[in-house]
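Residue strings, one per chain:
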Amino acid sequence: MHQRTVPVTAKRAGWIAGAVAAVLVAAGGITYAVAGDDGGGRTPAADSADAGFARDMSVHHQQAVEMSYIVRDGTDDEEVRRLAYDIAQTQANQRGMMIGWLDLWALPKVSSDPPMTWMGMGDAPSAGEGSLMPGMATDAEMEKLGTLDGKQAEVYYLQLMTEHHKGGVHMAKGCVERCTVGVEKRLARGMVESQESEIRLMADLLAERGAKPRA
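Engineer: What's the story with the side chain of His165 in this structure? I'm lost.
Structural biologist: By secondary structure assignment, the location of His165 is in helix 5 (residues 150–178). Looking at His165, its side chain comes within polar contact range of the side chain of Gln195, at 3.5 Å. Setting aside anything within four residues of it in sequence, one finds His165 in contact with Ile87, Gln91, Gln195, Glu198, Ile199 and Met202.

Engineer: Please clarify how the nonpolar core should be interpreted in this entry.
Structural biologist: Taken as a class, soluble globular proteins show a tendency for nonpolar side chains to be buried jointly. One finds Phe53, Met57, Met98, Trp101, Trp118, Ala172 and Met191 to be the most contacted residues of the largest nonpolar core, which totals 27 residues. Ranked by size, the runner-up nonpolar core spans 24 residues in total, among them Ala64, Leu83, Met142 and Leu148.

Engineer: Where do I start with the packing of aromatic side chains in this structure?
Structural biologist: To describe a pair of aromatic rings, you give the distance between the ring centres and the angle between the ring planes. Using the criterion set out here, one finds 2 aromatic pairs in the structure. Aromatic side chains Phe53 and Trp118 sit 5.7 Å apart centroid to centroid with 80° between the ring planes, which places their arrangement in the edge-to-face category. Highlighted residues: Phe53 in helix 2 (residues 49–74) and Trp118 in the loop between helix 3 (78–104) and helix 4 (139–147), separated in sequence by 65 residues. Trp118 matches Phe53 in its accessibility class, with the two residues each being buried. Taking NZ or CZ as reference, Lys144 lies 4.5 Å from the ring centre of Tyr156, over its face.

Engineer: Would you mind going over the environment of Ala51 with me for this structure?
Structural biologist: Topologically, Ala51 is positioned in helix 2. Residue class for Ala51 comes out buried when judged on its relative accessible area of 0%. Residues Ala51 and Val110, 59 residues apart in the sequence, show an inter-C-alpha distance of 9.8 Å. Excluding residues that lie within four positions of it along the chain, Ala51 makes contacts with Ala45, Ala46, Leu102, Trp105 and Leu107.

Engineer: How should the packing of helix 4 against helix 5 be read in this particular structure?
Structural biologist: In helix packing, the relevant descriptors are the interaxial angle and the interaxial distance, both defined with respect to the helix axes. The contact between helix 4 and helix 5 brings their axes to 9 Å, and the two run at 150°. The orientation of helix 4 with respect to helix 5, classified from their angle, is roughly antiparallel. For the element pair helix 4 and helix 5, the recorded crossing hand is left-handed. Between helix 4 and helix 5, the contacting residues are Glu141, Lys144 and Leu145 on the first element and Ala153, Tyr156, Tyr157 and Leu160 on the second.

Engineer: How should I be thinking about the pattern of salt bridges in this particular structure?
Structural biologist: Any two side chains of opposite charge can pair, given that their charged atoms come close. Taken as a whole and assessed by the stated rule, the structure comprises 9 salt bridges. The salt bridge partner of Lys109 is Asp103, with a shortest N-O separation of 2.4 Å. Looking at Lys109, the relative accessible area reads 42%, which means it is partly exposed. Exposure remark for Asp103: the relative accessible area of 47% places this residue in the partly exposed category. Here Glu141 ties to Arg214 by a salt bridge, and the two come within 2.9 Å at their closest N and O atoms. Taken as a pair, Glu141 in helix 4 and Arg214 in the segment after helix 6 (182–208) lie far apart in primary sequence, 73 residues in all. According to the relative accessible area criterion, Glu141 is buried, its value standing at 17%. One salt-bridge network, in which partners are shared between bridges, spans Asp77, Glu154, Glu208 and Arg209.

What counts and what doesn't
Residues numbered from 1 in each chain as written. Predicted model: local features only at pLDDT ≥ 70, side-chain atom pairs only at ≥ 80, totals over all residues. Heavy atoms only, no water. Helix = DSSP H or I, 4+ residues; strand = E, 2+ residues; numbered from the N terminus. Polar contact = N/O pair within 3.5 Å; in protein donor to acceptor, adjacent residues only side chain to side chain. Contact = heavy atoms within 4.5 Å. Core = buried A, V, L, I, M, F, W, Y, C linked by side-chain atoms within 4.5 Å. Buried < 20%, exposed > 50% of the residue type's maximum accessible area, 1.4 Å probe, protein only. Phe/Tyr/Trp six-rings, centres within 6.5 Å; stacked < 30°, edge-to-face > 60°. Lys NZ or Arg CZ within 6 Å of the ring centre and 35° of its normal. Axes fitted to C-alpha atoms, helices over the stretch in contact; angles between N-to-C directions. Parallel < 35°, antiparallel > 145°, perpendicular 65-115°, else oblique. Left-handed = near helix turned anticlockwise from the far one by under 90°. Salt bridge = Lys/Arg side-chain N within 4 Å of Asp/Glu carboxyl O.

Shown next, in the form of C-alpha cells:
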C-alpha cells in the first residue's frame, strides 16, 4: 500500500500531546481509592448520573477503540495511525477506570434502562443498528470501514470519529452538569477538552484529503 505520509506539524503535535498529557494526569490522579469522592463519601445509586455515565461512556469508548484499530490496519499513513493509536489507548484507559468505579460501587455494568436515561434521553431515536448513543457508528458503518484502505479509510475514519467525539463531548458535558462524584466530573472535563482538541485536528486532516466532516 503506497500512501502519502503528511508530516506532523508543531500545532498538531501539541494537540495530540495535550490530549495524551490530560489522560496521564487523569490516570495518575484518578484512582479507584477515590471512587466515592462526592464530598460525603456516599456511593452513587444505580440510577444516578454517575453510574449511568460510567456505564454508557464505557460502551461509547469501546467502539472508538475498535474503530481506531480497524483504521490502523487499513492505512500506512503515519499521522492517522498515530492519532488512532492515541485515541485507542486514551479511551481504553478511561474505560478501565469507569468500569473499576462500577465494581467498587458494587453497581451493575449494564442496566435495564435504555442508554442515556441518566441524561433524560432514554427515548431518543437511534441512528441505526449498533448506534446506541450520540455519535456512535452503526453496525453497517463499522463494517464499511473495515472494507476500506488508504485514503478512503482515512477519510471515513476521520468523519466517523469526528461524529463519535461530538457525541462523547455531549455526554461528558452532561456528566459535568449532573454527576456528583468529584473525580468522575474531573475525568469528564478532561474528556471534553481532549476530544474537542482532536475534533479540530481531524478537521485539518480531512481538509488535507479534500474532505469535510459529515453534516
